[in-house]
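# Structural overview for review
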Amino acid sequence: MKTQRYTLHGHWLQTSTATGRLSMEDPNLQENWLLVTADYSQIELRLMAHFSKDQSLIDLLTKPLGDVFNMITAKWSGKEESLVGPKGRDQTKRLIYGILYGMGADDARDKIQSFKRSFPGVASWLIDAVAICHKKGYVETLMGRKRFLAKVKFGNSEEKSKASICQGSVADIIKVAMITIHVVIGEGVD
């Protein structure tokens, strides 16, 4: 019905996560309405490439000739891409997100080091991100939002500093996209 404008009801939790991601409690989807979804294809990985300026990773993401995670697996493991199976692909995906979001070094130390040798820009960026956070006491997202991590100066929160840059930037990008989509869809509504 044209008189009903909003169909998603729930409690938005705009400040419930430290990185700025949105979440919702108790969503209630009404019937007979269109639900729009968006896939931000490997956005964290793409942000890692952006921040690290690792040309090899950027090339894989901008000129993909197949599955991105298969190509990355082949590069850092030295295998032919055709020999990369689903298990290897999944391990690489977990490893990448583990590097970004704080997989313990003991969990995959050799694999992480091998990955960093294959993508040296990523390795440098991760070191720089922690060093800048140590110096300033905060990290910044792509759009300049700051997340203060006071404990990083005492040797804690190093993983959070790396995660906050990408995860916070993802939150910024998605929020802007949501506002833009809302405006575009709203223009067609009476």
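Provided above is the structure to which this section pertains.
So, a few notes on the structure that sits alongside this text. (Residues numbered from 1 in each chain as written. Predicted model: local features only at pLDDT ≥ 70, side-chain atom pairs only at ≥ 80, totals over all residues. Heavy atoms only, no water.)

## Some points on the overall build of the protein chain
The number of helices and strands found in the protein chain is seven helices and four strands. Secondary structure of the protein chain in N-to-C order comes out as β-β-α-α-α-α-α-α-β-β-α. Buried residues in the protein chain amount to 35% of all 190 residues. If you sum the accessible surface of the protein chain, you get close to 12000 Å²; carbon and sulfur atoms cover 55% of it. (Helix = DSSP H or I, 4+ residues; strand = E, 2+ residues; numbered from the N terminus. Buried < 20%, exposed > 50% of the residue type's maximum accessible area, 1.4 Å probe, protein only. Areas by Shrake-Rupley, 256 points an atom, 1.4 Å probe, with all protein chains shown as cover.)

## Digging into helix α3 (residues 68-77)
Burial runs high along α3: eight of the 10 residues are buried. Among the residues of α3, the N-terminal cap falls to Asp67, whose side-chain oxygen and the backbone nitrogen of Phe69 are separated by 3.0 Å. Looking one or two residues beyond α3, the residue adopting positive phi is Gly78, at roughly 80°. (Polar contact = N/O pair within 3.5 Å; in protein donor to acceptor, adjacent residues only side chain to side chain.)

## Examining a nonpolar patch on the surface
Taken together, the side chains of Leu142, Met143 and Val176 present a nonpolar region at the surface, about 260 Å² in accessible area. Relative to the helices and strands, Leu142 resides in the loop between β3 (138-140) and β4 (146-148). Accessibility expressed as a relative area gives 38% for Leu142, which makes it partly exposed. (Patch = residues over 30% accessible without salt bridge, like charges linked within 9 Å, V, L, I, M, F, W, Y side chains within 5 Å. Salt bridge = Lys/Arg side-chain N within 4 Å of Asp/Glu carboxyl O.)

## Here we look at the environment of Gly168
Assignment of secondary structure puts Gly168 in helix α7 (residues 158-187). Sequence-wise, Gly168 and Val139 are 29 residues apart; in three dimensions their C-alpha atoms are separated by 9.6 Å.

## Focus on the side chain of Ser169
Here Ser169 shows up in helix α7. Under the relative-accessibility criterion, Ser169 is labelled buried at 0%. Excluding residues that lie within four positions of it along the chain, Ser169 makes contacts with Leu47, Phe51, Thr141, Leu142 and Ser164. (Contact = heavy atoms within 4.5 Å.)

## Focus: the pattern of salt bridges
Using the criterion set out here, one finds four salt bridges in the structure. Here Arg89 and Asp90 are joined by a salt bridge, their closest N and O atoms 3.7 Å apart. In this structure, the salt-bridge partner of Asp172 is Arg145, at a minimum N-O distance of 2.8 Å. A residue pair is termed long-range when its members are at least 10 positions apart, and Asp172 in helix α7 and Arg145 in the loop between β3 and β4 qualify at 27 residues.

## Observations concerning the side chain of Ser164
Assignment of secondary structure puts Ser164 in helix α7. In this structure the side chain of Ser164 is engaged in a polar contact, spanning 2.6 Å, whose partner is the side chain of Arg147.

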